[in-house]
Number of protein chains: 2
Amino acid sequence: MIRGLDETHRADLRSWVASAERADTDFPIQNLPLGCVRAPGGAVEPVVAIGDAVLHLLAARDLLRPDGELASALEACRSVGALNPLLALGHGAMRRLRAATSALLRDDTREGAHARARASTLLSPMTEVGLLLPVHVGDYTDFYASIDHATNVGRMFRPDNPLLPNYKWVPIGYHGRASSIVPSGTTIQRPAGQTRDDPNAAPAVGPSRRLDYELEVGAVVGRGNALGAPIPIGSAESHVAGLCLVNDWSARDIQTWEYQPLGPFLAKSFATTMSPWLVTLEALSPFRTAPAARAPGDPSPLGYLADDEDATAGSWELELEVWIVTQRMRASGLPAFRVSRARFDRMYWTFAQMVAHHTSNGCNLRPGDLLASGTVSGPGAESRGSLLERTWRGTEPLALPTGETRRFLEDGDEVVMRGVCERAGFRRIGFGECRGIVSAG
Amino acid sequence: MIRGLDETHRADLRSWVASAERADTDFPIQNLPLGCVRAPGGAVEPVVAIGDAVLHLLAARDLLRPDGELASALEACRSVGALNPLLALGHGAMRRLRAATSALLRDDTREGAHARARASTLLSPMTEVGLLLPVHVGDYTDFYASIDHATNVGRMFRPDNPLLPNYKWVPIGYHGRASSIVPSGTTIQRPAGQTRDDPNAAPAVGPSRRLDYELEVGAVVGRGNALGAPIPIGSAESHVAGLCLVNDWSARDIQTWEYQPLGPFLAKSFATTMSPWLVTLEALSPFRTAPAARAPGDPSPLGYLADDEDATAGSWELELEVWIVTQRMRASGLPAFRVSRARFDRMYWTFAQMVAHHTSNGCNLRPGDLLASGTVSGPGAESRGSLLERTWRGTEPLALPTGETRRFLEDGDEVVMRGVCERAGFRRIGFGECRGIVSAG
């Protein structure tokens with residue numbers, strides 16, 4: 001018995017949008033992720049992805065017939081240029097919008113027939129609209145929820161004692177930089193900074209030579225909480241609107257020199273890429289699963305982090321991939337090369353636990369805040385979610401189809417992240433792409 | 001020769017606002033700090049402090065005669081509820097506004113005579129308006145710029161090697177939480193969290209028993225920079241609109257357990273108090289001085305952090321104080337007790353260096369962003385800017401006039417921070433108060 005399933009999840013629903021019926025689309029009618037586009041006149045508009053197109057929610061108002069609360073929120077999305085006002089309404093409103101959107105895009109409903117007749121005004125080809133960040137991120141928090149990632153990184157620096165004593169008790173996280181979060185497709189300028197290879201020499205200043213990606217999943221906050229009012233674990237997910245992909249670009253050489261004693265700063269703050277589509281928790285219902293990584297013998301989560309439902313269904317069957325295209329691959333017409341592949345349900349901490357922990361001191365979350373999972377790595381070498389791990393600090397270079405090798409990213413390298421949920425009996429849904437190409441600094 | 005001085009800094013200027021002529025006011029006509037208040041109808045309005053009153057800038061428009069750019073920005077402050085649009089204009093506009101405001105408040109100008117006749121509509125008593133945060137803080141960065149503070153904290157944990165190797169090269173900083181920044185006067189709820197005193201036991205969860213303050217100075221960003229475009233040290237100060245006081249409340253027991261390997265998180269994110277008045281760099285011109293703490297034998301700042309003018313005049317003669325009032329002191333009618341007193345020009349890194357460093361990787365600053373200095377401590381015991389240092393981790397309790405002692409803050413304790421600039425030949429200016437009282441968690 002999977003909670004949260006309704007008519008919109010039925011595998012046999014069909015859409016009148018032909019591209020949504022292709023087997024390989026990320027955006028069948030069962031997905032309906034939310035995003036924002038720049039409309040021709042310059043205004044920002046809330047949209048839903050369907051196949052190769054976007055549905056303009058405001059243009060479809062008369063067919064969607066949003067109630068007053070939803071209608072005002074959709075208008076407000078246009079004025080603030082992001083989905084924040086919609087997400088702030090919480091899951092009741094998100095479910096109502098999903099139901100109406102699903103009915104409008106189905107090939108067997110009255111609303112669908114009306115919409116199909118107006119397809120040219122309601123839809124735009126996805127390639128012809130500028131996909132923006134889906135939300136204004138007020139605060140960005142980056143966690144460290146993969147025990148495989150924490151263990152890998154720990155092994156490089158402390159071989160005898162890779163995992164710190166707090167790891168299995170505390171969902172470790174830190175504050176990231178919100179201003180430099182950019183939408184998928186934005187070019188990433190190689191950052192400059194201080195590095196020091198020789199502990200007896202002065203530090204050098206120049207472009208990072210150890211530029212890396214980090215494969216992460218982001219949870220976007222829906223309803224916020226008041227300052228001083230922690231969110232109990234049992235209702236933590238009601239504050240998460242949905243998920244997206246995040247590339248937390250990292251300059252390892254800058255990080256090594258700067259991070260003591262207050263953590264990563266300039267090694268991360270030059271850019272973080274966010275995928276344009278918010279895949280709602282409603283869309284993810286069919287793919288719920290238990291978080292798998294807590295081993296026998298590990299401490300039980302402390303009370304404020306413990307919840308039976310979270311322990312049995314607090315994660316998702318979500319497979320993540322990182323692909324690389326180098327300059328030479330592009331010039332040779334070679335396809336992207338898959339560098340790693342990891343499962344999200346290997347994470348040690350769930351988003352519900354991250355929300356409960358984050359607010360346990362009274363800290364307030366606001367609609368649109370981004371909580372990223374930290375690098376998603378698995379136990380095997382091919383499931384390591386950063387080049388630092390994948391090439392073991394550069395000691396095991398990756399061999400690419402062109403004969404090139406990679407220890408870290410080079411100028412012209414493009415990194416593409418993808419995420420897909422699949423389960424027997426349900427239509428496969430995807431996250432779209434989180435993409436960025438590295439340019440010289 | 002002090003740069004940036006003009007008519008508005010003359011010590012002999014007099015205001016027709018009588019309270020601005022009292023010798024002990026923080027807000028003589030030479031100061032004119034900017035803030036935001038909640039007007040009776042509920043709207044937020046930009047104001048200037050003068051003596052015991054606030055001047056409503058929008059109500060005084062016809063006398064201030066702002067040019068088009070300034071007029072639009074003042075209107076925009078009302079719509080966004082903060083000073084960000086004004087600060088974004090940069091120092092040219094800030095100087096023009098200061099000159100007009102000064103003329104309007106002088107007792108020897110035509111504008112002043114007109115304004116005085118309308119005093120009842122232009123001014124409100126400061127005690128009768130709700131002082132808000134002056135800006136919407138998009139991102140909050142906390143530095144670690146006091147070498148005395150870094151050395152004190154280092155000595156407690158690493159007696160043989162208190163200062164880490166990067167300290168004299170890197171203006172260490174980390175990202176803080178923006179959502180929980182609160183205006184002076186907001187009650188601070190004691191945070192709960194995980195702590196572990198006994199390394200062989202499971203962590204405990206409960207209210208922090210080591211709640212502390214941190215005395216800091218905040219720089220508020222004026223003009224921003226584009227992502228990917230570092231700000232050179234020579235123009236770094238042109239991106240700082242002004243300074244305020246910051247109390248970076250800290251839960252030391254939570255911090256000790258959580259901070260490895262990614263830095264402080266919940267130990268800080270429950271609340272940060274900001275004083276309501278933005279003291280502009282224009283007002284601070286007379287008090288410029290050299291940052292004093294870089295010792296002979298220390299490495300020279302790297303090129304991107306080195307600037308002659310910054311080295312000779314990149315700090316200010318700013319004296320800071322922390323006062324405490326306990327519940328019992330209040331009940332006994334005792335005045336506040338001064339706990340510490342520190343000079344800002346002891347800091348190792350200047351705000352110009354912090355801005356240049358922060359953006360050296362291409363990170364973008366936005367108008368209203370807050371860069372806090374980190375705890376301001378000096379070399380002596382009485383100049384330590386946190387209780388952690390002042391009581392040396394609780395081993396040297398503070399004796400209060402009531403016979404009470406303090407290792408860390410107790411419920412009902414109020415912490416008040418003050419800052420004052422003084423120099424012969426100039427009128428003394430103050431920062432107002434940064435105040436917060438601790439309530440049970």
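This structure is a prediction, so every number in the text was calculated from the model and none was measured.

Draft legend 1. Fine view of the overall build of chain A. In terms of regular secondary structure, chain A is built from 13 helices and 26 strands. Against the compact-globule benchmark of 22 Å for 441 residues, chain A has a radius of gyration of 22 Å, which places it among compact chains. In terms of its C-alpha atoms, chain A occupies a principal-axis envelope of roughly 75 × 55 × 40 Å. Looking at chain A alone, contacts between residues at least 24 apart form 73% of all its contacts between residues at least 6 apart. Measuring between centres, the 45 positive side-chain charges of chain A sit 1 Å from its 50 negative side-chain charges.

Draft legend 2. Layout of the nonpolar core. Counting 153 residues, the largest nonpolar core has A:L243 and B:L243 as its most contacted members. Apart from residues lying up to four places away in sequence, B:L243 is in contact with B:V217, B:G218, B:A219, B:W277, B:L278, B:V279, B:L281, B:L284, B:W316, B:F351 and B:F431. In terms of nonpolar packing, the next biggest core, distinct from the first, is built from 49 residues, A:V17, A:V44, A:A178 and A:V246 among them.

Draft legend 3. Layout of the pairing of strand β1 (residues 34–38) of chain A. All names here are of chain A. Within β1, 4 of the 5 residues are buried, which leaves the element mostly enclosed by the surrounding structure. Here β1 folds back onto strand β2 (residues 44–50), and the loop between the two strands holds 5 residues, one of which, G42, carries a positive phi near 105°. Two elements, β1 and strand β5 (residues 130–131), share 2 bridges in a ladder whose sense is antiparallel. What sits directly across from R38, in β5, is G130.

Draft legend 4. Here's a closer look at the pairing of strand β26 (residues 429–439) of chain A. Residues and elements named next belong to chain A. Here strand β9 (residues 188–189) pairs with β26 via 2 bridges, running parallel. Residue pairing across strands places Q189 opposite S439, the latter belonging to β26. In this sheet, β26 lies alongside strand β25 (residues 414–421) in antiparallel orientation, the contact comprising 7 bridges. If you follow V420 over to β26, its bridge partner there is G430.

Draft legend 5. Molecular detail of the confidence of the model for chain A. Chain-level statistics for chain A give a pLDDT mean of 96 and a share of 100% at 70 or above. For this predicted complex, the interface confidence reaches an ipTM of 0.97, while the overall pTM sits at 0.98.

Draft legend 6. Molecular detail of the pattern of salt bridges. Residue and element names in this part refer to chain A. If you walk through the whole model with that rule in mind, you get 80 salt bridges over all chains. For the salt bridge of E21 with R14, the shortest nitrogen-to-oxygen distance reads 3.8 Å. Among the ionic pairs, D148 bridges to R346, the shortest N-O distance being 2.9 Å. Highlighted residues: D148 in helix α7 (residues 147–157) and R346 in the loop between β21 (337–343) and α12 (351–359), separated in sequence by 198 residues. R346 gets classed as partly exposed once you look at its relative accessible area, which sits at 26%. Salt bridges sharing partners connect three or more residues here, namely E7, R10, D12, R106 and D108.

Draft legend 7. Up close: the environment of A:N364. Assignment of secondary structure puts A:N364 in the loop between α12 and β22 (370–372). Measuring from C-alpha to C-alpha, the distance between A:N364 and A:D108 comes to 44 Å, with 256 residues separating the pair along the chain. If we skip the residues at most four places from it in the chain, A:N364 touches A:N225, A:A226, A:L227, A:D369, B:R177, B:S179 and B:S180.

Draft legend 8. View of the interface of chain A and chain B. Across the boundary between the two partners, chain A contributes 54 residues, which contact 54 residues of chain B. Summing both partners gives a buried area of about 5200 Å² for chain A against chain B, and 60% of it is carried by carbon and sulfur. Run the count over chain A and chain B and you get 4 salt bridges. With a shortest N-O distance of 2.7 Å, A:D369 and B:R177 are connected by a salt bridge. Taken together, chain A and chain B are joined by 30 residue pairs in polar contact (both at pLDDT 80 or more). At the level of elements, β6 (140–143), β7 (173–176), β10 (192–195), α8 (252–258) and α12 of chain A are the ones that each hand at least two residues to the side of chain A that touches chain B. Examining the composition of the side of chain A that touches chain B, we find that 4 residues originate from one element, β7(A), more than from any other. Across the side of chain A that touches chain B, the residue classes break down as 29 nonpolar, 19 polar and 6 charged.

Draft legend 9. Just α12(A), in detail. Residues and elements named next belong to chain A. Among the 9 residues that make up α12, 9 are buried, leaving the element largely enclosed by the rest of the structure. Along α12, the residues classified as buried are F351, A352, Q353, M354, V355, A356, H357, H358 and T359. On the buried face of α12, the contacting elements are β6, β13 (215–221), β14 (240–247), α10 (308–313), β19 (315–316) and β22.

Draft legend 10. Geometry of the relation of the copies chain A and chain B. Aligned on chain B, chain A shows an RMSD of 0.0 Å; the corresponding rotation is 180° and the shift along the axis is 0.0 Å. On the angle and the small slide along the axis, the relation comes out as a two-fold axis. Of the C-alpha atoms belonging to chain A, the one lying closest to the rotation axis is found on A:G263, 2.2 Å away. Comparing interface residues between copies, 100% of those in chain A also sit at the interface in chain B, which points to an isologous, same-surface contact.

Draft legend 11. Main features of the sheet that holds strand β20 (residues 318–325) of chain B. A sheet is described by the order of its strands in space; here 5 strands give the open sequence β9-β26-β25-β20-β21 (chain B), paired in mixed fashion. For this open sheet the edge positions go to β9 (188–189) and β21 (337–343) of chain B, each flanked by a neighbour on one side alone.

Draft legend 12. Structural detail: helix α4 (residues 91–105) of chain B. Helix length check: α4(B) (15 residues) gives 21 Å between terminal C-alpha atoms against 21 Å at 1.5 Å per residue, within 8%. Among the residues making up α4(B), those that are buried are B:H91, B:A93, B:M94, B:L97, B:R98, B:A100, B:T101, B:S102, B:A103, B:L104 and B:L105.

Draft legend 13. How the structure looks around the environment of B:A381. Residue and element names in this part refer to chain B. Mapped onto the elements of the fold, A381 is located in the loop between β22 (370–372) and α13 (387–390). Its relative accessible area of 35% is what places A381 among the partly exposed residues. Spatially, the C-alpha atoms of A381 and A311 are 27 Å apart, while their sequence positions differ by 70 residues.

Draft legend 14. Focus on the sheet that holds strand β3 (residues 53–56) of chain A. Residues and elements named next belong to chain A. Here 5 strands make up an open sheet; going across it, the order is β4-β3-β2-β1-β5 and the pairing antiparallel. In this open sheet, the two strands that pair with only one neighbour each are β4 (123–125) and β5. Where helix α4 (residues 91–105) meets the sheet, its contacts fall on β1, β2 and β3, and the angle it forms with β3 comes to roughly 115°.

Draft legend 15. Inspection of the packing of aromatic side chains at higher detail. Residues and elements named next belong to chain A. One pass over the full model with this rule turns up 14 aromatic pairs over all chains. Consider the rings of F344 and F351, whose centres lie 5.6 Å apart with planes at 25°: the pair is stacked. By way of ring pairs, the aromatic residues Y144, Y167, Y348 and W349 are connected into one cluster. Stacked on the ring of W323, the Lys or Arg R418 has its end atom at 5.3 Å from the ring centre.

Draft legend 16. Highlighting unusual backbone geometry. All names here are of chain A. Cis rather than trans, the peptide bond between Q260 and P261 has omega equal to 0°. Looking at where P261 falls in the secondary structure, it is placed in the loop between α8 and β16 (272–274). Not every positive phi belongs to a glycine, and L32 is a case in point at roughly 60°. Within the secondary structure, L32 is located in the segment before β1. The residue W392 is not glycine, and still its phi comes out positive at about 45°. The residue W392 is located in the loop between α13 (387–390) and β23 (398–399) in this model. Residue class for W392 comes out buried when judged on its relative accessible area of 17%.

Rules behind the numbers
- Residues numbered from 1 in each chain as written.
- Chains lettered and ligands numbered in written order.
- Predicted model: local features only at pLDDT ≥ 70, side-chain atom pairs only at ≥ 80, totals over all residues.
- Heavy atoms only, no water.
- Helix = DSSP H or I, 4+ residues; strand = E, 2+ residues; numbered from the N terminus.
- Rg over C-alpha atoms; globule rule 2.2 N^0.38 Å.
- Contact = heavy atoms within 4.5 Å.
- Lys, Arg positive; Asp, Glu negative; His and termini not counted.
- Charge placed at Lys NZ, Arg CZ, Asp CG, Glu CD.
- Core = buried A, V, L, I, M, F, W, Y, C linked by side-chain atoms within 4.5 Å.
- Buried < 20%, exposed > 50% of the residue type's maximum accessible area, 1.4 Å probe, protein only.
- Pairing = 2+ DSSP bridges.
- pLDDT = per-residue confidence, 0-100.
- Salt bridge = Lys/Arg side-chain N within 4 Å of Asp/Glu carboxyl O.
- Buried area = accessible area lost by both parts, 1.4 Å probe.
- Polar contact = N/O pair within 3.5 Å; in protein donor to acceptor, adjacent residues only side chain to side chain.
- Nonpolar A, V, L, I, M, F, W, Y, C, P; charged D, E, K, R; others polar.
- Least-squares fit on C-alpha atoms with pLDDT ≥ 70 in both.
- Expected span 1.5 Å × (residues − 1).
- Axes fitted to C-alpha atoms, helices over the stretch in contact; angles between N-to-C directions.
- Phe/Tyr/Trp six-rings, centres within 6.5 Å; stacked < 30°, edge-to-face > 60°.
- Lys NZ or Arg CZ within 6 Å of the ring centre and 35° of its normal.

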